[in-house]
Amino acid sequence: MDFGISLTTFLLGMVTFLVTLMMVWSRTGRTYANLPPKGPPEWPIIGSLLSLAGEHPPHQILANMAKKYGPIFSMQMGSFYAVVLSDYSLIKQAFAKSGDDFSDRPKIAMIEHLAEGKGLISGYNSPAQIEQRRFTFSALRSLGMGKFRMEETISEEIQHLIKSFTERNTQPFIPFHDITVSVSNVICWLNFGKRFEYNDDDFKGVLEALFGIVEITEIGGVFNFLPFLRFLPGSGLKKCFKHKAIFDKHMYPLIRKIKQSYDDKFESAECYIHMYADKIAEAAKQNIVPNLFNDGNMVLAVADLFVAGTETTATTLKWALLYMVVNQDVQKRVQEELDRVVGVDRLPSLLDKPNLPYTEATLLEIQRKASIVPLGVPHAPVQDTILYGYDIPKGTVVLPNLWAIHHDPNLWKNPDEFNPDRFLKPDTKHVVQREELIPFSIGRRRCIGEELAKVELYLFFTHLLCRFHFILPPGAPQPTMEGRSLATFVPHDYSLCAIPRCRDKDFEES
Ligand code: HEM
């Protein structure tokens, strides 16, 4: 049969027709009296996706749209009906005050394909998901998350980073890889109960898995809105599965090895995998929450902790060093405070934190300005619900624009300015904790690793600034402060020089 068109064109036409039909049906099939105000104009199939393209990143474009359409507006993103929240009290109302109403995750393609709606980050709201989250939180706390017990482990890791920076011998380098490796090893310690030497084969495999997963989230963005694109040749789906296979190849044997060695010996649990293994055994005996604690879900949870715990903290530190090289006056004030409070013969500890208000204020300002998870992780209502009088249908993708909150001129004076002093009380001795600073989001699905991240950021930042003065390479142009929207919002590559600071000759590195 020859209709004068190729099979691919015919199939594409069919897909387009069906998707359009589904979209029309999904609109007409619902009758909601009061949906949130409509945002930008829509086109068939792609909805308003084109309006997100441009020289600015999506969170900034959406923040500008909020100025026109209001703090809550709706838009069709490909095949998804989305509602964008750009106001702090709205996000608080939705995520923190409405109980479980908004604690689901949308059924977007990548979540369905790669995690089947399981795992810690992408798990759909269910008693099993809630139980796993509760278990993980208490497991991490008993392993020392956010407490002094973790300080030693993190400090040890930072020494390796310091060594690697020192070996650059004041020459220009891009610090990204070193930072990621170092931060990921902290999560390895939590997950696997040990840090790895950087040339360890297991560690190299784990890192390859991490970079693959990060790439999946990047490629996956497009499918999430237009799932049918995955049928097109060159869509990148194959690449996603290749990375997933690499991840499985490295992660499964390592997790099995750690679990097996624990099962074989009668030792006490020393890491997340050990604790999960205990939970699997306990669940099997008591048949609690069926289909929850098993090997498959353990792998997903370990992977989520690894990816969520590495990329986020590492990206914040990359911004931190960038803000220091371009704001030498701030770097100098932090270092003066560190020298005054900590002295020159030791490195800072968590006990010093209350006495380092300017340093703390600087870290808060870095988190506000960088907003490294600018659109949070999408939420979804568990059922049809109402927010501020508007109908929010089940299946809606709810996007909290955290970047917009952190740059809202009604909350922050001159929000585009990098100014740590905004987090200091007039006496400059005390830090102002602003509830509107929400880099970890809020409510039932807020970040599980917040306490760990805060300790890591504090220790990495203070140790590095005690040991080095960071400058731009001589003659280098001013780096851009624009970022790139990847798995997190990362700075563009930049080079710096790490100049060792003059410390007391008796200073010990250990
Ligand atoms: C600066 C560092 C970090 C930032 C800015 C950050 C930010 C976030 C944000 C915005 C969310 C989404 C919350 C929501 O859906 O409302 C999230 C979720 C999550 N984060 Fe983090 N995070 C950081 C570090 C970590 C670390 C160190 C870990 C692990 C130890 C971690 C584990 C998780 C997990 C498991 C979730 C999913 C929670 C759930 O869906 O119930 N994060 N994080």
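Quick caveat, the model's predicted, so the values are computed rather than measured. (Residues numbered from 1 in each chain as written. Predicted model: local features only at pLDDT ≥ 70, side-chain atom pairs only at ≥ 80, totals over all residues. Heavy atoms only, no water.)

In this numbering, the UniProt entry assigns the feature "binding site: heme" (unreviewed entry) to Cys447. Here Cys447 is to be found in the loop between helix 14 (402–406) and helix 15 (450–467). Using a relative accessible area of 32% as the deciding quantity, one classes Cys447 as partly exposed. (UniProt positions renumbered as here; feature names shortened; annotations may be inferred. Helix = DSSP H or I, 4+ residues; strand = E, 2+ residues; numbered from the N terminus. Buried < 20%, exposed > 50% of the residue type's maximum accessible area, 1.4 Å probe, protein only.)

A word on the pattern of salt bridges. Within the structure shown, the criterion is met by 22 salt bridges. Put simply, Lys38 and Glu42 hold a salt bridge, and the shortest N to O gap is 3.2 Å. For Glu42, a relative accessible area of 28% translates into the label partly exposed. Of the charged contacts in the structure, one is a salt bridge between Lys279 and Glu282, with a shortest N-O distance of 3.8 Å. With Lys279 and Glu282 both in helix 10 (residues 272–286) and 3 residues apart, the pair spans about one turn of that helix. Bridged by salt links that share partners, the residues Glu157, Arg195 and Glu197 form one connected network. (Salt bridge = Lys/Arg side-chain N within 4 Å of Asp/Glu carboxyl O.)

Let us look at the pairing of strand 1 (residues 72–77). In terms of residue burial, strand 1 counts as a mostly covered element, since 6 of its 6 residues are buried. What you see with strand 1 is no split at all: Ile72, Ser74 and Gln76 on one side and Phe73, Met75 and Met77 on the other are buried throughout. The sheet contact formed by strand 1 and strand 2 (residues 80–85) spans 6 bridges and is antiparallel. The partner of Met77 across the bridge, within strand 2, is Phe80. (Pairing = 2+ DSSP bridges.)

Moving on, we get to the site of the ligand. In the vicinity of the ligand there are 24 residues, among which Arg105, Arg133, His379, Ser441 and Cys447 approach most closely. With respect to the ligand, the backbone of Leu120 contributes an N or O atom lying 3.1 Å from an oxygen atom. Elements with a contribution of two residues or more to the shell around the ligand: helix 11 (295–326) and helix 15. Residue contributions to the shell around the ligand peak at 6 residues, all from helix 11. Each residue belonging to the shell around the ligand can be placed in one class, and the counts come to 13 nonpolar, 7 polar and 4 charged. (Near = heavy atom within 4 Å. Polar contact = N/O pair within 3.5 Å; in protein donor to acceptor, adjacent residues only side chain to side chain. Nonpolar A, V, L, I, M, F, W, Y, C, P; charged D, E, K, R; others polar.)

Another point: the environment of Trp189. By secondary structure assignment, the location of Trp189 is in helix 7 (residues 176–192). Between the alpha carbons of Trp189 and Lys285 there is a distance of 29 Å; along the sequence they are 96 residues apart. Each residue touching Trp189, except ones within four places of it in the same chain, is listed here: Leu143, Met150, Thr153, Lys194, Arg195 and Cys271. (Contact = heavy atoms within 4.5 Å.)

For Tyr388, which is not glycine, the phi dihedral falls at a positive 50°. Note on placement: Tyr388 falls in the loop between strand 3 (385–387) and strand 4 (390–392). Residue Tyr388 is classed as partly exposed on the basis of its relative accessible area, which comes to 49%. Even without being a glycine, Thr428 presents a positive backbone phi close to 60°.

Below, the discussion takes up the packing of helix 5 (residues 127–142) against helix 10. The geometry of helix 5 relative to helix 10 is characterised by a closest axis approach of 10 Å and an angle of 135° between their N-to-C directions. With respect to helix 10, the element helix 5 is oriented oblique. Seen along the crossing, helix 5 lies across helix 10 with a hand that is right-handed. Facing Glu131, Gln132, Phe135, Thr136, Ala139, Leu140 and Ser142 of helix 5, the residues of helix 10 in contact are Tyr272, Met275, Tyr276 and Lys279. (Axes fitted to C-alpha atoms, helices over the stretch in contact; angles between N-to-C directions. Parallel < 35°, antiparallel > 145°, perpendicular 65-115°, else oblique. Left-handed = near helix turned anticlockwise from the far one by under 90°.)

A few words on the sheet that holds strand 2. Read across the open sheet, the 3 strands follow the order 1-2-5; overall the sheet is mixed. Since the sheet does not close on itself, it has two edges, and those belong to strand 1 and strand 5 (397–400), each with one partner. Each adjacent strand pair in this sheet contributes to an overall mean axis angle of 25°, direction not counted. Seen against the sheet, helix 2 (residues 58–69) touches strand 1 and strand 2 and runs at an angle of roughly 125° to strand 1.

This part is about the nonpolar core. Ranked by internal contacts, the top residues of the largest apolar core, which has 101 residues, are Ile154, Phe165, Phe192, Tyr272 and Phe470. Here this core gets 17 residues from one element, more than from any other, and that element is helix 11. Dropping the residues within four chain positions of it, Ile154 is found in contact with Val186, Leu452, Val455, Glu456, Leu459 and Phe460. Residues Phe73, Leu226, Leu375 and Val397 belong to the second largest nonpolar core, which totals 18 residues. (Core = buried A, V, L, I, M, F, W, Y, C linked by side-chain atoms within 4.5 Å.)

Here the focus is the confidence of the model for the protein chain. Averaged over all residues, the pLDDT of the protein chain is 87; the fraction at 70 or higher stands at 86%. Low pLDDT, under 50, characterises residues 1–5; the stretch is placed with 1 contact to residues that sit more than four places away or in other chains. Low pLDDT (under 50) marks residues 504–510, which in the prediction has 9 contacts with non-local residues, meaning those over four places away or in another chain. Confidence metrics for the complex model read pTM 0.91 and ipTM 0.99. (pLDDT = per-residue confidence, 0-100.)

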